[in-house]
Amino acid sequence: MQNKIEKMNFVYTKNKVAENLKALFNVEEFEITYVEEKEGVWKINAEFKEITSTGKRYTSALFGIDTITREVKEFRKDYTRRF
C-alpha cells in the first residue's frame, strides 16, 4: 500500500499566513482578499493595517505556500495577485 501525502488545507494555510504576519509586522488582524490553489501552491493575498513611524497604513502582501512542504515559497509586500 502506498502512503498518501496530505495536501495542506485552507485553514492551515490561513494560520500559516497569520503566523508570518505576526512575526514580520506584529499584525494579528488581516483580511484574505484572494485565494487560489494551483500546481501545488496556495496563492493568497492578505490586507492588513501596518504600524509605521507615521501611523497606520493599509498594505497588502502576497504569499505563495507549498501545499505539501508547507514552506512559504513566495512573499511580496505591497503586492496583490490579479485575476
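Residues numbered from 1 in each chain as written. Predicted model: local features only at pLDDT ≥ 70, side-chain atom pairs only at ≥ 80, totals over all residues. Heavy atoms only, no water.

A. Inspection of the pattern of salt bridges at higher detail. Counting across every chain of the model gives eight salt bridges. Between Arg76 and Glu74 there is a salt bridge; the shortest N-O distance is 2.9 Å. You can call Arg76 partly exposed: its relative accessible area is 37%. Through salt bridges with shared partners, a single network forms among Glu50, Arg57, Lys77 and Asp78. (Salt bridge = Lys/Arg side-chain N within 4 Å of Asp/Glu carboxyl O. Buried < 20%, exposed > 50% of the residue type's maximum accessible area, 1.4 Å probe, protein only.)

B. Main features of the nonpolar core. Judged by nonpolar contacts, Met8, Val17, Leu21, Val27, Trp42, Ile44, Ala46, Phe48, Ala61, Phe63 and Ile65 together constitute the single largest core of 11 residues. Looking at this core, the elements with two or more residues in it are α1 (10–25), β2 (41–52) and β3 (55–66). The leading source of residues in this core is β2, at four residues. (Core = buried A, V, L, I, M, F, W, Y, C linked by side-chain atoms within 4.5 Å. Helix = DSSP H or I, 4+ residues; strand = E, 2+ residues; numbered from the N terminus.)

C. The arrangement of the pairing of β3 in detail. Of the pairings in the sheet, the one linking β2 to β3 comprises 12 bridges and is antiparallel in character. Note on β3: the bridge partner recorded for Ile44 is Phe63. Taken together, β2 and the strand that follows it, β3, pair antiparallel across an intervening segment of two residues. In terms of strand pairing, β3 meets strand β4 (residues 72–77) through five bridges, oriented antiparallel. The partner of Gly64 across the bridge, within β4, is Glu74. Between β3 and β4, which pair antiparallel and follow one another directly, the connecting turn spans five residues, one of which, Arg70, has a positive phi of 70 degrees. (Pairing = 2+ DSSP bridges.)

D. Region of the structure containing a nonpolar patch on the surface. Together, Leu24, Val72 and Phe75 line one region of the surface with nonpolar side chains, adding up to about 240 Å² of accessible area. Within the secondary structure, Val72 is located in strand β4. Assessed through its relative accessible area of 33%, Val72 is described here as partly exposed. (Patch = residues over 30% accessible without salt bridge, like charges linked within 9 Å, V, L, I, M, F, W, Y side chains within 5 Å. Areas by Shrake-Rupley, 256 points an atom, 1.4 Å probe, with all protein chains shown as cover.)

E. Focus on the pairing of β2. Relative to β2, strand β1 (residues 30–38) runs antiparallel, the two being bridged by eight bridges. Across the sheet, Tyr34 pairs through a bridge with Asn45, a residue of β2. A loop of two residues connects β1 with β2, the two strands running antiparallel in sequence, and Glu39 in this loop sits at a positive phi of about 55 degrees.

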